[in-house]
Amino acid sequence: MKLGNKEAPMKNDNFLRDRRDFLRVGVGGAGCSMVLGWATGGSTTSLQAQDANRGKTVVGGAQPWQKGKAKNCILVWLGGGPSQLDTWDPKPDHANGGGTKGIDTAGSFQVAEHYPGVAAESKDVCLVRSLTSPEGDHSRGSYLMHTGYRMTGAITHPSFGALVAKELGKENSDLPHFVSIGGGSYGPGYLGVRYGPFQVGNPSRPVPYMQYPGDVDKGRFNTRLGLLGMLDNKYLSSKRGEFLAGHRTVRKKALRLLDSPSAKVFDVRKEPESVRKEFGLNNFGLQALMAARLVQKGVPFVEMNLGGWDTHTNNLNAVTARAAILDPALSGLMKELRTRGLLDSTLIVCMGEFGRTPKVNRNNGRDHFPRCFSALVAGGGVNGGTVIGSSSNDGQEVKNRPVYIGELYATLLSMLKINPVKENKLAIGRAIKMAESDEPVTEMFI
Amino acid sequence: MKRTSKTRFVGVLAVISGLFFGSASIAAPKSPQPEQVAAEINRLLRETWSEAFTNAAPMATQGALFRRLSIDLRGVIPYPDEIDQFLNDRSKNKISKWSNWFLQTPEHAEFQAETWEHTLIGRKGDTDGLDRGSFRTWLRKSFLENKPYNELANEILLSAGLPKNDPAVNFYLRYEAKPVDMAGKVARVFLGTRIECAQCHDHPYADVKREEFFGFAAFFARTQRYRDYDRAGGNSRIYGIRSRPSGELTMPPMKTGQRPMEIQPMYFGVRYDRPKNYSGLDPIPKKKTGPSKLDKKMDSKMMMARKGSRVTSYGASTRRKGLVKWLVSDKNKYFARSLVNRMWAKFLGKGFVNPIDDFSEDSKIILPAVLNYLTSDFVESGYDLKRLQKIIVLTKAYRQQAVQGVPGGIVPGEEHDLFTTIPIRPLEPEVLVRSVLRATGMEDPHPENNARQVKGYVQKAEREFVRRFGVDEAEKRMEFQGTVLQVLLLFNGEFTSSKAPASRPYHASYQKKYPGNLGVVLHGVAPARHVEQLFLATLGRSPSSAERGTFDRHAMSARDDAKRQSVLADIHWALLNSAEFLHSS
């Protein structure tokens, strides 16, 4: 069983179980690709049903992923690599703490003093303090943390959002299945662009091309569609084939979105200030509000983006300023979802491409540090108020319960009730599992 | 390498022509014309098809074929007047004539440069020192002069120094001169094999072990990226590629407890130090682009700063030279074949081997006879890229009607339709931008007429379309790739609205009547032919009688000029949004 990291120790006590799992997966995997082969383009629900049956009939006991409770996911991406010591793993008593104090929370842990909002919400927060990754380069680290796989160049892996969009997206929804706000998310890779993100650049502006151009009103637009229909009917009927059927499907979706009252969900900039204030009156606050609204409308995956975490110089000032934006947005998001009764079914994941060096450098900054860093997971049935793993006193090493990125992905997917070992078939004939590891961190949600 | 041995070239041709054109032709053997090569390929195709009890789709109509030629050879749809000329051309060899013409246009070189830029360094992704501009310019120049493919590959693979001296180094700069990344890309582009997977585990299907992959990567172990300062350009940082005299690649262990292993170079299981594998070949001479005095001075400074590894050369390392000598030689059976396969797939939608960069000892080859024949012609012609493309467009496989689905059907046992169809393909994003701009009269902003506005508009179109339609080469699949965002851009974006700023000055009076790009497209066309002209400008064909009925009626419904404008804009919009416009068929 390969883990997200080469240095992963073999777990001998799990050997027998692994063997059994391997056999089961082998058989189930073949069944699954057969289904894929027969029903290309078939609905995902039938595949899910197959998988669910497989788990039950073949093994008997429920798999961890079948206990997942979340239906939606919001990824709060912190581009640049946030310092774990100034966010979720403060070390106020050590020189490496860098001047950041800790504060008590509603959970069993402390967070950095810059996060009073998150502290208050912590009964629904689980911190992972023992993430470990081999990638200390921005692009390679972002790739690994966005896809759960290391970059190899031979194939492009789908991002978290694309995997979820494929598994949880409902065909009859007016809205896209994967919305990325503020840019920065990764694409659908080998799954194909149909699972790619719907990009909403700046939440304080209207989404581009959602309005009819200039002097065209609904009536004239319909006239245009009539002309277009005539051209296309002739072409499509003479040329048959999936390519063009796909074209037609996507066009229908676009038209549905244009006409849909749900499309107003993107107009969060028009909401009253009293509402927007809860998330922070800035661009990222609007992102959070939009994410909440999208989840309310049933969009399964939303990615938000806050950059500026690459704090090589003047770390303390920079992380304090970032926190002033992140804290209200994150806690506002949790509060809003709880009020709407959606927090238990919405998984919130907050992370970046790696952590930062515990030792403060000569420029009062912190450099890239993938060996031991943290992520925040909230809602979505997480065991709130708990911490997974820990780092050493100086923050240089994982002290216990290392969590490899493949395992993190197996966990997050399981929490969304997605089978992490389900395989996706590639155009070149290979099949790749949703997550590289088949061992979710069960103590996080069971 | 304009073919080192002329005699061998002639000799082989004598054999070929003897075989194909009857033994009677003892007369001075001429190199076969592309038409003759295409005829032989057609014979091979017919033979295969009849053996498999299948047949090709009917020939494409003249208009459809012309649009396809323009898109595939030039990367943009044709102008209405070109279509007119082509349709009225009564000469027998007009496909040959017109493909010659397309092949010599600067647009062809630009299109090739664009395609190869994507293949070599990807559409996306920038690294320190990478200068896409100089790379593109160098590629364009190479394709303009129809540089032989082996020379082109040689120049890329042996590149060294700074991009301003040797723009080909951008290839290595894109991969930050990381041996593993360079090796993976080189194998994929120039050998048509995907060996990168063997980086983490033994190749699942092909017989490539991790050790062999790292052995291949070890050829690049002594190639490194260096940083310099541009003295002339405000001391900004610049990057180049150079060699160091020593240094080995180590293979990281798979498990804890194992030690990293030092790896010696090897060609897929064959140790590099066995000379017989690449002897007997003349190296391809390379123009010297040595370091300037300043470079040397800077280098000595950097040498002091750098502990351990002494830098001796701004050229390619001996090791890299050894690899390249073998790689671009005729002895390497993958080099020419993978290129022929890549080219064929570009025109026919699928290759002899699929995916096109998945050659291995036991990969399934469709119509191996055609692949081999084309490959040997390509090698004998001195790796002539234009000739190869011309041959391909002259084949029957290329000239058939495009249909998705199957006249011949998937042939059992082959899992392939043996090229009895040519697929309908969505236009590449860059081709689509150029075609939209051309069909809306927006290309070539004239300097005298709000050129700045038009230029800004063109740049925005490029950005928007490539952002929404562009996928990286690695992600490409043979299935529909459309998204809602793309449809919205075409539905509601300004690029299809006929409201764009006009691009040419010479119809000022006309512009009053038909402002924006509509005025440019309809310039000089009688109102009765407006609908026809819009069809030609977008789809490259006249409307069918049913279409003519509907669209003319719609155009006539306008009572005044203003109404007529908006009615014509509606027609234009519908044409630009049609599946037929967005695809090559």
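These numbers were taken from a predicted model, which means no experiment stands behind them.

Trainee: Sorry, what's going on with the confidence of the model for chain B here?
Mentor: In low-pLDDT regions, the fine details of the predicted coordinates are not to be read closely. Residues and elements named next belong to chain B. In the predicted model, chain B carries a mean pLDDT of 79, and 75% of its residues have values of at least 70. Within chain B, no element has a lower average pLDDT than helix H1 (residues 6-20), which sits at 36, and none a higher one than helix H16 (residues 385-394), at 97. In this model, residues 1-29 is a region of pLDDT below 50 whose contacts with residues beyond four sequence positions or in other chains number 31 contacts.

Trainee: Mind showing me how you'd approach the packing of aromatic side chains here?
Mentor: Two descriptors summarise a pair of aromatic rings, namely the distance from one centre to the other and the angle between the planes of the rings. Residues and elements named next belong to chain B. For the coordinates displayed, the defined rule picks out 38 aromatic pairs over all chains. Residue placement shows Lys 346 over the ring face of Phe 347; its charged tip is 5.2 Å from the ring centre. For the cation-ring pair, Arg 438 lies above Tyr 79, with the distance from its terminal atom to the ring centre recorded as 3.8 Å.

Trainee: In this structure, what is going on with the environment of B:Leu45? I would like to understand it.
Mentor: Residues and elements named next belong to chain B. As for its position among the elements, Leu 45 is in helix H2 (residues 34-51). Note: C-alpha distance between Leu 45 and Asn 55 (10 residues apart in sequence) is 9.3 Å. For Leu 45, the contacting residues outside a window of four places in its chain are Leu 367, Val 370 and Ala 397.

Trainee: I keep staring at the packing of helix H8 (residues 149-157) of chain B against helix H10 (residues 179-190) of chain B and nothing clicks. Help me out?
Mentor: When two helices pack together, their arrangement is given by the angle between the helix axes and by the axis-to-axis distance. Residue and element names in this part refer to chain B. The N-to-C vectors of H8 and H10 enclose an angle of 175°; their axes lie 13 Å apart at closest approach. With respect to H10, the element H8 is oriented roughly antiparallel. Of the residues in H10, those touching H8 at Tyr 149, Ala 153, Ile 156 and Leu 157 are Val 186, Val 189 and Phe 190.

Trainee: I keep staring at the pattern of salt bridges and nothing clicks. Help me out?
Mentor: Opposite charge on two side chains permits pairing when their charged atoms draw close. Residues and elements named next belong to chain B. Tallied over the entire structure, the rule returns 48 salt bridges over all chains. Glu 155 is paired through a salt bridge with Lys 147; the nearest N and O atoms lie 2.9 Å apart. A residue is classified by how much of its surface remains accessible, and Lys 147, at 7% relative accessible area, is buried. Two residues, Glu 547 and Arg 541, come together in a salt bridge whose shortest N-O distance is 2.9 Å. When its relative accessible area of 1% is taken as the criterion, Glu 547 is described as buried.

Trainee: Looking at this structure, I do not really get the nonpolar core. What am I missing?
Mentor: In a soluble, globular protein the nonpolar side chains are often hidden away together inside. With 109 residues, the main nonpolar core has A:Val76, A:Trp88, A:Phe198, A:Phe266, A:Leu326 and B:Phe465 as its most contacted residues. Per-element tally for this core: the top contributor is helix H9 (residues 283-296) of chain A, with nine residues. Not counting residues within four places of it along the chain, the set of residues in contact with A:Phe198 comprises A:Pro176, A:Phe178, A:Val179, A:Ser180, A:Val207, A:Leu257, A:Phe266, B:Val484, B:Leu485 and B:Leu488. Within the second largest apolar cluster, 108 residues are counted, among which are B:Phe102, B:Ile156, B:Leu323 and B:Ile392.

Calculation rules
Residues numbered from 1 in each chain as written. Chains lettered and ligands numbered in written order. Predicted model: local features only at pLDDT ≥ 70, side-chain atom pairs only at ≥ 80, totals over all residues. Heavy atoms only, no water. pLDDT = per-residue confidence, 0-100. Helix = DSSP H or I, 4+ residues; strand = E, 2+ residues; numbered from the N terminus. Contact = heavy atoms within 4.5 Å. Phe/Tyr/Trp six-rings, centres within 6.5 Å; stacked < 30°, edge-to-face > 60°. Lys NZ or Arg CZ within 6 Å of the ring centre and 35° of its normal. Axes fitted to C-alpha atoms, helices over the stretch in contact; angles between N-to-C directions. Parallel < 35°, antiparallel > 145°, perpendicular 65-115°, else oblique. Salt bridge = Lys/Arg side-chain N within 4 Å of Asp/Glu carboxyl O. Buried < 20%, exposed > 50% of the residue type's maximum accessible area, 1.4 Å probe, protein only. Core = buried A, V, L, I, M, F, W, Y, C linked by side-chain atoms within 4.5 Å.

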